[in-house]
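Take a look at the letters that make up each chain.
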Amino acid sequence: MEGNMSGMPSPVSVSTRLQRIAKLAREAPDMAFTSLSHHIDVDFLREAYRRTRKDGAAGVDGQTADEYARDLEGNLCSLLGRFKSGAYRAPSVLRVHIPKGDGSKTRPIGIPTFEDKVLQRAVSMVLEAVYEQDFRDCSFGFRPGRSAHQAIDCLDEKLMEMKGGWVLEVDIRRFFDTLDHGHLRAFLDRRVRDGVLRRMIDKWLKAGVLEGGSLSYPELGTPQGGVISPLLANIYLHEVLDVWFEGVVLPRLRGGAFLVRYADDFVIVFLLEMDARRVMEVLPKRFGKYGLTLHPEKTRLVPFPRPWLSSGPKGSGGGPRPGTFDLLGFTFFWGRSRKGKWIVKQKTARDRFRRSLKRISEWCRENRHRPIAEQHRGLVMKLKGHGAYFGIKSNGRALCTFRYQVIFIWRKWLSRRSQRARISMDRLRGLLERWPLPAPIVVHSIYRRQRSLDLKSRMR
């Protein structure tokens, strides 16, 4: 592939190569690719660099994206030579911990070096072209053109179509930390046997983890935060769960069922309770076979029938009352539409709601002595960010409550700037007139409906 005269990336030519790989993978679903690495050249790495986030934290070498870009062509040529010759050594991953849930626990995140991110992105682009032809429509996490909101849309539409059912809410304990390398290699063997790519993936799996000045070499898992880790996780669960559910479980059920998965978060919905309990019993054995463990307290079966089928005036009243369940930060529940019909709704999950407010409170405490205009800009950005994810049609009340709570958190910390800085309600109203916080808006309403209809037709 020839580079262009300006030295800029050639996304069209890179896209053409990826399309060719995808076409071949689609036409030969049982073929294992033995030659893929030759597609990666300087133009390919340049495009991978363009797709790599530039604002991430630096890895163990301390090099930032700006520093790498100062001699971009030289760095990419050097990277390509080491990659093709096998001389590239995967650097250790810097491990940090971020708060999880209510803040009492933390989640380990791995930070590769920037150069390693570029190479991981390039390899991921090639692997995605192959595996996107294999992945099932039930999978939404970390895939091009798919998002968490599409997973929510799909689940909403299928629940309405089935008129509820029994929801198996599953939690995999420490999935990214316990992913078995041997099983992953066996799964990769079915589609990718290119020696250069496979050796590179092995190097990433064996790369050390630097934490608190101590270097270790875990025998299991793939670091969360790595560019290629989500794709490897999807390949793993594609084989362990998606293919098994579609090919083995569904044909043996007496009623309908469907799966919705976003990375390692997933639910399975069944029409019949007996089917749900059978799968719930066998699921830990299936995951245990591949070195994974289900959380016994967070994995549960939730009755989720449409209310009038269970206890409404049109029913006998003898069925189970519908419960609620969580997925991707939303709580799913049955509620009335404006026309009085029962529909599936979503609202911000309680733990996510509290966590978001806690983070805003900590931010206000740390920044309470900064100028009001600066604090206002920060809060506006945080409210818009919250609404960009949680701004769905049925979540208006939770969004309004969140904004209301933020206002009083801001007032609380402004009142602690000094002993005489107490903000009265009258003063608060004046402050909000001058520095108004954005009202919640529905971001995903029209998009959700159209996209969910498309997904519904594809999943039939």
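Throughout what follows, the structure given in this document is the object of discussion. What you see is a predicted model, and the numbers here were worked out from it, not measured in a lab. (Residues numbered from 1 in each chain as written. Predicted model: local features only at pLDDT ≥ 70, side-chain atom pairs only at ≥ 80, totals over all residues. Heavy atoms only, no water.)

**A closer look at the overall build of the protein**
And then number 1: Broken down by element type, the protein carries 17 helices and 12 strands.
And then number 2: The C-alpha radius of gyration computed for the protein amounts to 25 Å, which stays within 12% of the reference 23 Å derived for 460 residues, consistent with globular compactness.
And then number 3: On the principal axes, the C-alpha backbone points of the protein span a range of 65 × 65 × 45 Å.
And then number 4: A total of 460 residues make up the protein; the buried ones form 48% of that total. (Helix = DSSP H or I, 4+ residues; strand = E, 2+ residues; numbered from the N terminus. Rg over C-alpha atoms; globule rule 2.2 N^0.38 Å. Buried < 20%, exposed > 50% of the residue type's maximum accessible area, 1.4 Å probe, protein only.)

**Description of the packing of aromatic side chains**
And then number 1: The full count for this structure, using the stated rule, is 17 aromatic pairs.
And then number 2: Ring centres of Phe142 and Tyr262 lie 5.7 Å apart, and the angle between their planes is 45 degrees; on these two criteria the pair is classed as tilted. Remark: Tyr262 occurs in strand E6 (residues 257-262) and Phe142 occurs in the loop between helix H5 (114-131) and helix H6 (148-162); sequence separation between them is 120 residues.
And then number 3: Taking the relative accessible area as the measure of exposure, Phe142 reaches 44% and is therefore partly exposed.
And then number 4: Residue Tyr262 is classed as buried on the basis of its relative accessible area, which comes to 18%.
And then number 5: Aromatic rings pair up to connect Phe175, Phe176, Phe187, Tyr236 and Tyr290 into one cluster.
And then number 6: Here the basic side chain of Lys347 rests over the ring of Phe333, its NZ or CZ set 5.3 Å away from the ring centre. (Phe/Tyr/Trp six-rings, centres within 6.5 Å; stacked < 30°, edge-to-face > 60°. Lys NZ or Arg CZ within 6 Å of the ring centre and 35° of its normal.)

**Let's talk about the sheet that holds strand E12 (residues 342-348)**
What holds strands together in a sheet is hydrogen bonding between their backbones, with the strands either parallel or antiparallel.
And then number 1: A sheet is described by the order of its strands in space; here three strands give the open sequence E10-E11-E12, paired in antiparallel fashion. Each end of this open sheet is capped by a strand with a single partner; those strands are strand E10 (325-327) and E12. Neighbour-to-neighbour, the strand axes of this sheet turn through a mean angle of 45 degrees, independent of strand direction.
And then number 2: The sheet contact formed by E10 and strand E11 (residues 330-336) spans three bridges and is antiparallel. (Pairing = 2+ DSSP bridges. Axes fitted to C-alpha atoms, helices over the stretch in contact; angles between N-to-C directions.)

**Thoughts on the nonpolar core**
One broad trend across soluble globular proteins is that nonpolar side chains are buried collectively.
And then number 1: Counting 78 residues, the largest nonpolar core has Ile40 and Phe287 as its most contacted members.
And then number 2: For Ile40, the residues in contact, after removing those within four places along its chain, are Leu45, Leu80, Phe83, Lys84, Ala122, Val123, Val126 and Leu197.
And then number 3: Within the second largest apolar cluster, 27 residues are counted, among which are Val269, Leu327, Phe390 and Leu399. (Core = buried A, V, L, I, M, F, W, Y, C linked by side-chain atoms within 4.5 Å. Contact = heavy atoms within 4.5 Å.)

**Looking at the packing of helix H8 (residues 181-189) against helix H10 (residues 229-249)**
In a pair of packed helices, the angle between the axes and the distance between the axes together describe the arrangement.
And then number 1: Packing of H8 against H10 leaves a shortest axis separation of 10 Å and a crossing angle of 80 degrees. With respect to H10, the element H8 is oriented roughly perpendicular. Facing His183, Leu184, Phe187 and Leu188 of H8, the residues of H10 in contact are Leu232, Ile235, Tyr236, Glu239 and Val240. (Parallel < 35°, antiparallel > 145°, perpendicular 65-115°, else oblique.)

**Examining the environment of Arg300**
And then number 1: Looking at where Arg300 falls in the secondary structure, it is placed in strand E9 (residues 300-305).
And then number 2: Judged by relative accessible area, Arg300 falls into the partly exposed class, the value being 35%.
And then number 3: Spatially, the C-alpha atom of Arg300 lies 8.4 Å from that of Met280, the residues being 20 residues apart in sequence.
And then number 4: Excluding residues within four positions of it along the chain, Arg300 makes contact with Val167, Leu168, Glu169, Met280, Thr324 and Phe325.
And then number 5: Only 2.9 Å separates the side chain of Arg300 from the backbone oxygen of Thr324, close enough to count as a polar contact. (Polar contact = N/O pair within 3.5 Å; in protein donor to acceptor, adjacent residues only side chain to side chain.)

**What about the packing of H5 against helix H9 (residues 195-206)?**
And then number 1: Running from N to C, H5 and H9 point in directions that differ by 130 degrees, and their axes come no closer than 12 Å. Considered as vectors, H5 and H9 are oriented oblique to each other. Remark: the crossing between H5 and H9 carries left-handed chirality. Where H5 approaches H9, its residues Asp116, Leu119, Gln120, Val123, Val126 and Leu127 are matched on the opposing element by Leu197, Met200, Ile201 and Trp204. (Left-handed = near helix turned anticlockwise from the far one by under 90°.)

**Observations regarding the pattern of salt bridges**
And then number 1: If you walk through the whole model with that rule in mind, you get 24 salt bridges.
And then number 2: Of the charged contacts in the structure, one is a salt bridge between Glu132 and Arg143, with a shortest N-O distance of 2.9 Å. Taken together, the positions of Glu132 in the loop between H5 and H6 and Arg143 in the loop between H5 and H6 put the pair 11 residues apart, joining distant regions of the chain.
And then number 3: Residue Asp275 is joined to Arg278 by a salt bridge in which the shortest nitrogen-to-oxygen separation is 3.7 Å. Here the residue Asp275 and the residue Arg278 both occupy positions in helix H11 (residues 273-288), the gap between them amounting to three residues, near one helical turn.
And then number 4: Salt bridges sharing partners connect three or more residues here, namely Asp43, Arg46 and Glu73. (Salt bridge = Lys/Arg side-chain N within 4 Å of Asp/Glu carboxyl O.)

**Comments concerning unusual backbone geometry**
And then number 1: Phi is positive for Phe142, which is not a glycine, with a value near 55 degrees.
And then number 2: For Lys163, which is not glycine, the phi torsion reads 65 degrees and is therefore positive.
And then number 3: Considering the arrangement of structural elements, one finds Lys163 in the loop between H6 and strand E3 (164-173).

**Concerning a positive patch on the surface**
And then number 1: Taken together, Lys347, Arg350, Arg354 and Arg397 make up a surface patch of like positive charges.
And then number 2: With respect to the helices, strands and loops of the structure, Arg397 is situated in helix H15 (residues 396-414).
And then number 3: Since its relative accessible area comes to 72%, Arg397 is described here as exposed. (Patch = residues over 30% accessible without salt bridge, like charges linked within 9 Å, V, L, I, M, F, W, Y side chains within 5 Å. Areas by Shrake-Rupley, 256 points an atom, 1.4 Å probe, with all protein chains shown as cover. Lys, Arg positive; Asp, Glu negative; His and termini not counted. Charge placed at Lys NZ, Arg CZ, Asp CG, Glu CD.)

In short, the description is geometric, and any link to function would need to be established separately.
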